[in-house]
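If you want the building blocks of each chain, they are given just below.
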Amino acid sequence: MEEQDIMKILLIGSGGREHALAWKMTQSPLCDELIVAPGNAGIAQIARCIKIAVEDSQAITDLAVSEKIDFCIVGPETPLVLGLADQLRTHNIPVFGPSMKAAQLEGSKGFMKDLCRKYNIPTAAYERFTDKDSANKFIDRLGAPIVIKADGLAAGKGVIVAQTIEQAKEAVADMLSGNAFGHAGSSIVIEEFLDGEEISYFAICDGENLLPLASAQDHKRVGDGDTGPNTGGMGAYSPARLITPAMEQEILEKILTPTVSAMKSEGCPFTGVFFAGIMVVNGKPILMEYNVRFGDPECQTLMMRLKSDLVDMLYAAATGKLQTIHPEWSDNPSLCVVMAAKGYPATYIKNTPIKNLDAAGAAKNVEIFHAGTAQKDGQTISIGGRVLGITATGQDVATARTNAYAAVDLIDWPEGFCRRDIAWRALSSSAAE
Ligand code: AMP
Ligand code: GLY
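Residues numbered from 1 in each chain as written. Chains lettered and ligands numbered in written order. Predicted model: local features only at pLDDT ≥ 70, side-chain atom pairs only at ≥ 80, totals over all residues. Heavy atoms only, no water.

Section: the site of ligand 1
Inference 1: Within the structure, ligand 1 sits among 14 residues, and Glu191, Leu194, Glu198, Lys220 and Glu289 are positioned closest to it.
Inference 2: Lys109 places a side-chain nitrogen or oxygen 3.4 Å from an oxygen atom of ligand 1.
Inference 3: Within the side chain of Glu191, a nitrogen or oxygen atom sits 2.6 Å from a nitrogen atom of ligand 1.
Inference 4: Contact with the protein chains hides 89% of the accessible area of ligand 1, taken as 470 Å² for the molecule alone.
Inference 5: Elements that contribute at least two residues to the shell around ligand 1 include exactly β7 (146-150), β8 (159-162), β9 (188-192) and β16 (284-291).
Inference 6: A class-by-class count of the residues in the shell around ligand 1 yields seven nonpolar, no polar and seven charged. (Near = heavy atom within 4 Å. Polar contact = N/O pair within 3.5 Å; in protein donor to acceptor, adjacent residues only side chain to side chain. Areas by Shrake-Rupley, 256 points an atom, 1.4 Å probe, with all protein chains shown as cover. Helix = DSSP H or I, 4+ residues; strand = E, 2+ residues; numbered from the N terminus. Nonpolar A, V, L, I, M, F, W, Y, C, P; charged D, E, K, R; others polar.)

Structure below.
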């Protein structure tokens, strides 16, 4: 775009991911004004926040029209699956985010698996079911461990990795009866268990052109050493230790490039970010899932490493000009430690004060991204499960980790906790080398 084209931008979402995107976008000379709906206490320090639920497509569209928004970025998956991008595009507002149909890549596990089968994209062997008896027969045939997935969105909880045939059948019964995930579970995917190491890989697309971004590794379990229940992600670092130029090449050639053409062939070209959840099994990348948004907390680590203009890049993706973009990345790794409210991911306390955030975030290589925070009586308080993402860079992963935990230790929040071992895989492998 022309240099003089400064924009009024609308960002949808309220998590740490959106704070990281907002932080990076407000550094762009192309960003005249940033509005975030609904935002959080951290975002409110750098942008104008407007309280609208992310699911309320009509209210968001009305806001975009009345504020004469030039460009909209959609952070979370739910509004995309509900068709927000389509609605905004009918008003000729450029949007970074896929159409409702293209968002099925995340919104329907069955859609994603069928696409992989049809276009020969490596993924775990699977079948789809709506009927319990045939599902149980398939489980008997495949054996355990085995993975049961609700077809629709289930707030990140719709996947059961069953260790026994009995557990698998129980999960099937729970999902198909509608007890577990309501309508999202009325159709299921049952698939082969992949035994390997997970990585997240990100690339953006303008419908036609693919721009590889970077990799990260998340930590989904709540406890140190990957123990306890699954969460939305307790920390991440970038790049992931298993990413070599050859591995990246293989992910692009076998998974992402075929997906771009598959989506075109299916009549739903993809605009936005591909977040490929990949299992590396015996050195080979296998696609486990697609998300159609940035990962949280992976996004925080990517934004800390991106040297180029984010607005320029996302706008090029939204307007079919991605071939003009060649982003630069810092060679220094980054690492994000999530602080959550005690009790998360089960019931947790809310409305507790968090102190000393300014001092903790003062170091040059540290940013504190807010997720579930609000401002009350001049204080920052917690209002969600995952509350802060303390993100740091360093000359190597160990230094990034030291920098991040030094900031964590300055935060005065007795009701919060975090994992102390983010990036343990990367650090134990370098120690072994
Ligand atoms: P998803 O929501 O598809 O990312 O699944 C959530 C988590 O379940 C993933 O991050 C994996 O840890 C696990 N998972 C999903 N599919 C498989 C699979 N086929 N084999 C092993 N683990 C899986
Ligand atoms: N961190 C995993 C996710 O955003 O789904």
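Brief notes about the site of ligand 2
Inference 1: What surrounds ligand 2 is the set Asp218, Gly232, Phe275, Arg293, Gly295, Asp296, Pro297 and Glu298.
Inference 2: In the model, an oxygen atom of ligand 2 is placed 2.9 Å from a nitrogen or oxygen of the Arg293 side chain.
Inference 3: Between ligand 2 and Glu298, the relevant distance is 2.8 Å, taken from a nitrogen atom to a side-chain nitrogen or oxygen of the residue.
Inference 4: Contact with the protein chains removes 89% of the 200 Å² of surface that ligand 2 exposes when unbound.

A look at the sheet that holds β9
Inference 1: Across the sheet, four strands lie side by side as β6-β9-β7-β8; this open sheet has antiparallel pairing. In this open sheet, the two edge strands, each paired with only one partner strand, are β6 (126-129) and β8. This sheet shows a mean twist of 20° between the axes of neighbouring strands, independent of strand direction.
Inference 2: Where β6 meets β9, four bridges bridge the pair, whose relative direction is antiparallel. (Pairing = 2+ DSSP bridges. Axes fitted to C-alpha atoms, helices over the stretch in contact; angles between N-to-C directions.)

Some words on the sheet that holds strand β2 (residues 31-38)
Inference 1: With parallel pairing, the five strands of this open sheet are ordered in space as β3-β2-β1-β4-β5. The open sheet has two edge strands, β3 (48-49) and β5 (95-96), and neither has a second partner.
Inference 2: One ladder, built from two bridges, connects β2 with β3; its direction is parallel. Looking at the pairing, Ile35 lines up with Arg48 of β3.
Inference 3: Taken strand by strand, helix α1 (residues 16-25) contacts β1 (7-13), β2 and β4 (71-74), and its axis lies near 165° from that of β1. (Contact = heavy atoms within 4.5 Å.)

Section: the pattern of salt bridges
For side chains bearing opposite charge, pairing can occur when the charged atoms are close.
Inference 1: All chains considered together, the criterion is met by 24 salt bridges.
Inference 2: Its salt-bridge partner being Glu106, residue Arg293 comes within 3.1 Å of it at the nearest N-O pair. Remark: Glu106 occurs in helix α5 (residues 104-107) and Arg293 occurs in the loop between β16 and α10 (298-305); sequence separation between them is 187 residues. Each member of the pair, Arg293 as well as Glu106, is classed as buried.
Inference 3: Salt-bridge contacts for Glu191 lead to Lys113; the nearest nitrogen and oxygen are separated by 2.8 Å. With a gap of 78 residues between them, Glu191 in strand β9 and Lys113 in helix α6 (residues 109-118) connect regions that are remote in the sequence. (Salt bridge = Lys/Arg side-chain N within 4 Å of Asp/Glu carboxyl O. Buried < 20%, exposed > 50% of the residue type's maximum accessible area, 1.4 Å probe, protein only.)

Brief notes about the environment of Val159
Inference 1: The residue Val159 is located in strand β8 in this model.
Inference 2: Separated by 30 residues in the primary sequence, Val159 and Val189 place their C-alpha atoms 9.5 Å from one another.
Inference 3: Excluding residues within four positions of it along the chain, Val159 makes contact with Lys109, Val147, Ile148 and Lys149.

Quick look at the nonpolar core
Inference 1: Counting 50 residues, the largest nonpolar core has Leu10, Ile12, Leu105 and Tyr290 as its most contacted members.
Inference 2: Here this core gets eight residues from one element, more than from any other, and that element is helix α9 (residues 245-265).
Inference 3: Dropping the residues within four chain positions of it, Tyr290 is found in contact with Leu105, Glu106, Met112, Ile255, Leu256, Thr259, Phe274, Phe275 and Ala276.
Inference 4: Counting 43 residues, the second-largest nonpolar core is a separate cluster that includes Ala22, Phe275, Val311 and Ala317. (Core = buried A, V, L, I, M, F, W, Y, C linked by side-chain atoms within 4.5 Å.)

Examining the packing of aromatic side chains
Inference 1: Summed over all chains, the structure comprises nine aromatic pairs.
Inference 2: Aromatic side chains Phe96 and Phe294 sit 6.4 Å apart centroid to centroid with 20° between the ring planes, which places their arrangement in the stacked category. Highlighted residues: Phe96 in strand β5 and Phe294 in the loop between β16 and α10, separated in sequence by 198 residues.
Inference 3: Under the relative-accessibility criterion, Phe96 is labelled buried at 2%.
Inference 4: Ring pairing ties together the aromatic residues Phe96, Phe202, Phe275 and Phe294, which thus form one cluster. (Phe/Tyr/Trp six-rings, centres within 6.5 Å; stacked < 30°, edge-to-face > 60°.)

A look at unusual backbone geometry
Inference 1: Across the junction of Ala144 and Pro145, the peptide omega takes the value -10°, indicating a cis bond.
Inference 2: Mapped onto the elements of the fold, Pro145 is located in the loop between α7 (132-142) and β7.
Inference 3: Backbone geometry places Lys68, a non-glycine residue, at a positive phi of 55°.
Inference 4: Looking at where Lys68 falls in the secondary structure, it is placed in the loop between α2 (57-66) and β4.
Inference 5: One non-glycine residue, Asp226, lies in the positive phi region at around 55°.
Inference 6: Here Asp226 is to be found in the loop between β12 (221-223) and β13 (227-230).

Some thoughts on the packing of α1 against α10
Relative placement of two packed helices is described by the angle separating their axes and the distance separating the axes.
Inference 1: The interhelical angle for the contact between α1 and α10, taken along N-to-C directions, is 15°, at an axis separation of 8 Å. With respect to α10, the element α1 is oriented roughly parallel. Here α1 and α10 pass one another in a crossing that is left-handed. For the pair formed by α1 and α10, the contact residues are Gly16, Arg17, Ala20, Leu21, Trp23 and Lys24 on the first element and Cys299, Gln300, Met303 and Met304 on the second.
Inference 2: Taken together, the residues of the contact of α1 with α10 break down into six nonpolar, two polar and two charged. (Parallel < 35°, antiparallel > 145°, perpendicular 65-115°, else oblique. Left-handed = near helix turned anticlockwise from the far one by under 90°.)

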